[in-house]
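# Results of the structural survey
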Amino acid sequence: MRNLHCLLLLLLLPFSGFAQEFPEKPVPARLVNDFTKTLSPQEIDALENKLVAYNDSTSTQIAIVMISSLDGYPVDDYSFQLAEKWGIGQKGKDNGVLVFIAKDDRKIFIATGYGMEGVMPDGLVKRIIESDIKPYFKNGDYYGGLDNGTNSMFRLAAGEYKAESRSSKGKSQIP
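All residue numbers here refer to positions counted from 1 along the written sequence of the relevant chain. Only residues with pLDDT of at least 70 get local features here, since the model is predicted, and only at 80 or more are side-chain atom pairs given and counted; chain-wide, interface and lining totals rely on the full set of residues. Each side-chain value is derived from all of the structure's non-hydrogen atoms; neither hydrogens nor water enter the calculation.

## Focus on helix α4 (residues 122–138)
Residue pairs spaced three or four apart in an α-helix point in one direction, given the helix's 3.6 residues per turn. The line we're drawing: Secondary structure counts use DSSP, requiring at least four H or I residues in a row for a helix and at least two E residues in a row for a strand, with both numbered from the N terminus. To estimate how far a helix should extend, the number of its residues minus one is multiplied by 1.5 Å. Each residue is assigned a bend, namely the angle between axes fitted to the seven residues that terminate at it and the seven residues that start at it. Each residue gets one of three labels from its accessible area relative to the maximum for its type: buried under 20%, exposed over 50%, partly exposed in between, using a 1.4 Å probe on protein chains only.
Between its first and last C-alpha atoms α4 spans 22 Å; for 17 residues at 1.5 Å apiece the expected length is 24 Å, and the two agree. Along its length, α4 shows its largest kink, about 30°, at Asp-132, and proline Pro-135 lies within four residues downstream of that point. All of the buried residues along α4 are Val-125, Ile-128, Ile-129, Asp-132, Ile-133 and Phe-137. Positive backbone phi, approximately 80°, marks Gly-140, located one or two places after α4.

What follows is the structure in structure tokens.
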């Protein structure tokens, strides 16, 4: 029996390197979590207050998490698993949204709960990342990108966001 346990341990050992570690959910819980120390305390407070007010008025919870690196883990899978682990959104409504940034990897992903997919489809969320967040990040303005991106998500969820039209080659159309 002992040999069987040793054999199982040896077989499972190679897979232990694939486990991704997630940051612990802060206590007390916050909607803005910058583990990279990129945002100033004032910027964190401004985003936190904005997201708490939005949550209170709509019941939709948008959270922001910034880490340094994914260590090779796929950004989409990591984002969805972190949102699930932290319980972002209301239980039973699955109406949470996670804006996830792996700063050193230069990765951004917005994970939407099933309850938000109808109002925040993947294509429009991708445009928010590309048009409303990344230009600020490229200039080193992480707060500006997150502020602008969350404003666009608010408008999208309210049915007010109008994405710029694109040509068949993916280039922006000039009206």
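## Focus on the nonpolar core
Heads up, the rule is: The term nonpolar core refers to a set of buried residues drawn from Ala, Val, Leu, Ile, Met, Phe, Trp, Tyr and Cys, joined through side-chain atoms within 4.5 Å. Contacts between residues were defined by any pair of non-hydrogen atoms, one from each residue, lying within 4.5 Å.
If you look at the biggest cluster of nonpolar residues, it comprises 43 residues, and the most contacted ones within it are Ile-64, Leu-98, Phe-100, Ile-110 and Leu-146. At the level of elements, α2 (41–58), β2 (61–67), α3 (75–86), β3 (96–102), β4 (107–112), α4 and α5 (142–157) are the ones that each hand at least two residues to this core. Once residues within four sequence positions are removed from consideration, Leu-98 is found in contact with Ala-63, Ile-64, Val-65, Ser-79, Leu-82, Ala-83, Ile-88, Phe-109, Ile-110 and Ala-111.

## Some words on the pattern of salt bridges
Pairs can form between side chains of opposite charge once their charged atoms are near each other. Short version of the rule: Think of a salt bridge as a Lys or Arg side-chain nitrogen and an Asp or Glu carboxyl oxygen that are within 4 Å of each other.
Going through the model one piece at a time under the given rule, you end up with six salt bridges. As a salt-bridge pair, Asp-147 and Lys-50 come within 2.6 Å of each other at their nearest N and O atoms. A residue pair is termed long-range when its members are at least 10 positions apart, and Asp-147 in helix α5 and Lys-50 in helix α2 qualify at 97 residues. Asp-147 sits in the partly exposed class, given a relative accessible area of 22%. When the shortest N-O distance is used, the salt bridge between Lys-126 and Glu-130 registers 3.3 Å. Pair noted here: Lys-126 and Glu-130 are both in helix α4, with a separation of four residues, about one helical turn. A relative accessible area of 31% places Glu-130 in the partly exposed class. The structure contains a network of salt bridges with shared partners spanning Arg-30, Asp-45 and Glu-48.

Any functional reading would require information that these geometric values do not contain.
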